[in-house]
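Listed below are the residues making up each chain.
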Amino acid sequence: MNRSYSLSGEGTEADARSKESFKFVSEKMASHSPANPDEVPTCSLSVSQVSYTVSERVGPWWDLPSYRKRWTRQILTNVSFHVDSGQILGILGNSGSGKTTLLDAISGRIGNTGKLLGEVCVNGRKLKQEQFQDCFSYVLQSDNLLSYLTVEETLTFTAHLALRRHSSSAIRKKVGMVMAELSLGHVAHCVIGGRVFPGISGGERRRVSIAGQLLQDPKVILLDEPTTGLDSMTANQIVVLLANLAKRDRIVVVTIHQPRSELFRVFSRIAIMSQGELVFCGQPGEMVDFFSDQGYGCPEYCNPFDIYVDLTSVDTRCSERQATTYNRMHDIASAYRSSEIYRRMLGRIEESRQVTDKPCIPFKSKESPSGLSKLGVLFRRTMRNLSRDRMGVLMRLSQNLIYGLFVVFFVMKLDKDVTKGAVQDRIGIIYQAMGASPYTGMLNAVALCEYGGVVPPLWVGGAETQSVQGVPAVRAISDQESKDGLYHKWQMFLAYIFHILPFSIISVFIFSSFLYWTVGMYPEVSRFLCFSGVILVPHVIGELLTLVLMGVVQDPNMVNTGVALLNVAGIMVGSGFLRSNQQMPTVFKMLSYLTFQKYGCELLIVTEFHGLNFTCGDAPGIIPGQCMMSNGDAIIEQGYPGALTRYTQDFIMLYAFLPALVLLGIISFKIRDHLVRR
Ligand SMILES: Nc1ncnc2c1ncn2[C@@H]1O[C@H](COP(=O)(O)OP(=O)(O)O)[C@@H](O)[C@H]1O
Ligand SMILES: [Mg+2]
């Protein structure tokens, strides 16, 4: 029976040969598969009738009539399969067939945007929402690793985050064992590497990601396209390695794109997905028989994976092809659902549910350290990574200085003569110092969180491009590890703040030392220290605010714009430079108390102007009244009445913004985590 698939026309002789050649595979599989009657699997994973639907807008936002309408899109349709420990299930399917969504769904990581139905059982016990994270290890498609750590350091830090009761020597032993299991010993002391400096290879990076998950001894490991982007030999090695991991009494579920034909003999179970449906799931030998029975034999010298994935894919290039290929896919899926293979699989699911004495759910080793020790580990890890980033550190320390050079070059030397800009220049410097510092902070946060501190933001398209290309970003890492249950995002947020603080202090100190003494601001060391202390705050706030917004909003462009607008609004309302405080409407006056710029500018004005006496030259063309303000205190009283008496209070208020923002950050991260996980 030859269907529309052209290659099937090779004839029944070829079919028979292919069946013959894959018989060998089937037999081979039996030797390592736990389907072997002597081996009783210690763990099983049953996925039963999992469906996922999302509600989507029909058209884009610029086409309003269709944008207003919604339709329900079925992404997964009644997916069921059963895998026992010792087995590796390979899920094949063309791009967009729903492989990643399926893994997300069965690992409990699917967002709350859609409706998820169905059951996931381990050892016949239905998993509750909070148990997914503790049961499954999930290796994402992209490797999110810190570029400047070595392989051993990466795994050791992960082990410290995951395992508490282990002593340092036990952790070292564990890391050594995992590295040996994944053949990483030879690169233990090599750095992970990034796009602009060499490190370990792509295949080794994949193995480090897998190793990180193995530290907690998971029984069920899910991997999303672990071979994508690797050369075919490395991809082969990774799959063979995963099969070996499965043989050690684990369940491995792996989605894969275009595997080599040799891998046919490596998988214990193969599933093919198309349009969100499982069109086949069974042993490799069964697959050949099943497709041959449907009239689609695998021709000799052809890769069965390619042939069967092509057969079951829907070609959307033109409507006729789409209809033909959709019908073919549908026929195959129906044939599979009425086959003995499917019935047997449902039987296995039911059997595992009916066992009276069900084994417990095998949770990962989860002896998390206390919150404080996690913070310590996260701090040491981020600090080590950043301190090895020579260019990152250099830019962090010098960016304020470079900006200070511009100001100095422009202002040169401050004068005491009012007619030569003594007042205006000083106010200009204060305005610049307060107004620009948050931007440098913001850029630092964006560079490290979104671009991994390696690639300047302008060179790349976005965060997703980054992760795909292997340049890790702190945010991607914290997203992944918090989903793995290693820590909460707010803990990473705190560690991040602590680790940037020394760099911020040094950077601002370099900037203020240079600017303050070069342009000749009030020559008193205590005032210089106050000046430095004040401008440190907007710099740190810029970085903190960016982090807080990043925790809530995913789009970095929105974050940049948000921080920039908040800063512009703050300096307008709070500084009193654009419009004097006394002249502002009451609502703006009240709003100004919520801006750190109000306290900062007041402090800097007092620091610079208090006790300063000006001269007034007798050059021709002096505007009448220009020389009326001959001392700094009069200027303070006129623009900022009472500021002299509020000095300490202003300092407290200014610094209070830091813990307030940290608190706001922690709360917003917690709320977001709660909303996303629900
Ligand atoms: N939350 C969602 N909202 C809308 N569409 C989604 C959502 N999640 C997945 N999809 C869509 O489902 C399809 C399958 O996606 P995916 O699982 O990533 O495929 P694969 O991993 O096989 O390439 C894609 O067309 C994708 O756009
Ligand atoms: Mg995918």
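Residues numbered from 1 in each chain as written. Chains lettered and ligands numbered in written order. Predicted model: local features only at pLDDT ≥ 70, side-chain atom pairs only at ≥ 80, totals over all residues.

### Digging into the UniProt feature "transmembrane region" (unreviewed entry) in the chain
Listed under "transmembrane region" (unreviewed entry) in the UniProt record, and renumbered for this structure, are residues 393-412, 493-516, 528-552, 558-578 and 652-671. Across residues 528-552, the secondary structure splits into 100% helix and 0% strand, with the terminal C-alpha atoms separated by 37 Å. (UniProt positions renumbered as here; feature names shortened; annotations may be inferred. Helix = DSSP H or I, 4+ residues; strand = E, 2+ residues; numbered from the N terminus.)

### Considering the site of ligand 1
The immediate surroundings of ligand 1 are formed by 14 residues, with Val54, Gly96, Lys99, Thr100 and Thr101 found nearest. Elements with a contribution of two residues or more to the shell around ligand 1: β1 (44-57) and α3 (99-106). If one sorts the elements of the shell around ligand 1 by residue count, α3 sits on top with three residues. For the shell around ligand 1, the class distribution of residues is two nonpolar, 10 polar and two charged. (Near = placed C-beta within 6 Å. Nonpolar A, V, L, I, M, F, W, Y, C, P; charged D, E, K, R; others polar.)

### Overview of the environment of Lys416
By the element assignment, Lys416 lies in the loop between α14 (390-411) and α15 (422-451). Distance in space between the C-alpha atoms of Lys416 and Thr615 is 5.8 Å, their sequence separation being 199 residues. Apart from the residues within four sequence positions on either side, Lys416 is in contact with Ala422, Phe614 and Thr615. (Contact = placed C-beta atoms within 7 Å.)

### With respect to helix α20 (residues 556-574)
Taking 1.5 Å of rise per residue, 19 residues should cover 27 Å, and α20 covers 26 Å from first to last C-alpha, within 8% of that figure. Residues Pro556, Val559, Asn560, Val563, Asn567, Gly570, Ile571, Val573 and Gly574 constitute the buried set of α20. Positioned one or two residues after α20, Gly576 has a phi angle of 80°, which is positive. (Expected span 1.5 Å × (residues − 1). Buried ≥ 20, exposed ≤ 12 C-beta atoms within 10 Å, placed from the backbone.)

### Looking at helix α9 (residues 284-293)
α9 sits mainly inside the fold: seven of its 10 residues count as buried. With its phi angle positive at about 95°, Gly295 sits one or two positions after the end of α9.

### So, unusual backbone geometry
Despite not being glycine, Gln275 shows a phi value in the positive range, around 50°. Considering the arrangement of structural elements, one finds Gln275 in the loop between β9 (269-274) and β10 (277-282). The exposure class assigned to Gln275 is buried, which follows from the 21 C-beta atoms found within 10 Å. Unlike most non-glycine residues, Met412 shows phi in positive territory, near 65°. Its place among the elements puts Met412 in the loop between α14 and α15. You can call Met412 exposed: it has 11 C-beta atoms within 10 Å.

### What to know about the pairing of β1
Examined bridge by bridge, β1 and strand β2 (residues 70-84) share 11 bridges and lie antiparallel to one another. Looking across to β2, one finds that Ser44 is bridged to Asp84. One ladder, built from eight bridges, connects β1 with strand β4 (residues 114-122); its direction is antiparallel. Across the sheet, residue Ser51 finds its bridge partner in β4, namely Leu117. (Pairing = 2+ DSSP bridges.)

### Some details on the environment of His499
Within the secondary structure, His499 is located in helix α18 (residues 489-519). When the C-alpha atoms of His499 and Phe379 are compared, they prove to be 6.0 Å apart, with 120 residues separating the residues in sequence. Those residues within four positions of His499 in sequence are excluded, and the remaining contacts are Phe379, Thr382, Met383 and Leu386.

### Details of the nonpolar core
In this structure, Leu242 and Ala271 are the most contacted members of the largest nonpolar core, which totals 162 residues. Excluding its chain neighbours within four sequence positions, the residues that come into contact with Leu242 are Ile88, Leu223, Val252 and Val254. (Core = buried A, V, L, I, M, F, W, Y, C linked by C-beta atoms within 7 Å.)

### A few points about the packing of α14 against α18
For the pair α14 and α18, the least separation of the axes is 8 Å and the interaxial angle reads 20°. With respect to their mutual orientation, α14 and α18 come out roughly parallel. Regarding α14 and α18, the two cross each other, and that crossing is right-handed. Contact residues: Val393, Arg396, Leu397, Gln399, Asn400, Leu401, Gly404, Val407, Val408 and Val411 in α14; Phe503, Ile506, Ser507, Val508, Ile510, Phe511, Phe514, Leu515, Thr518 and Val519 in α18. Considering only residue class, the contact of α14 with α18 consists of 14 nonpolar, five polar and one charged. (Axes fitted to C-alpha atoms, helices over the stretch in contact; angles between N-to-C directions. Parallel < 35°, antiparallel > 145°, perpendicular 65-115°, else oblique. Left-handed = near helix turned anticlockwise from the far one by under 90°.)

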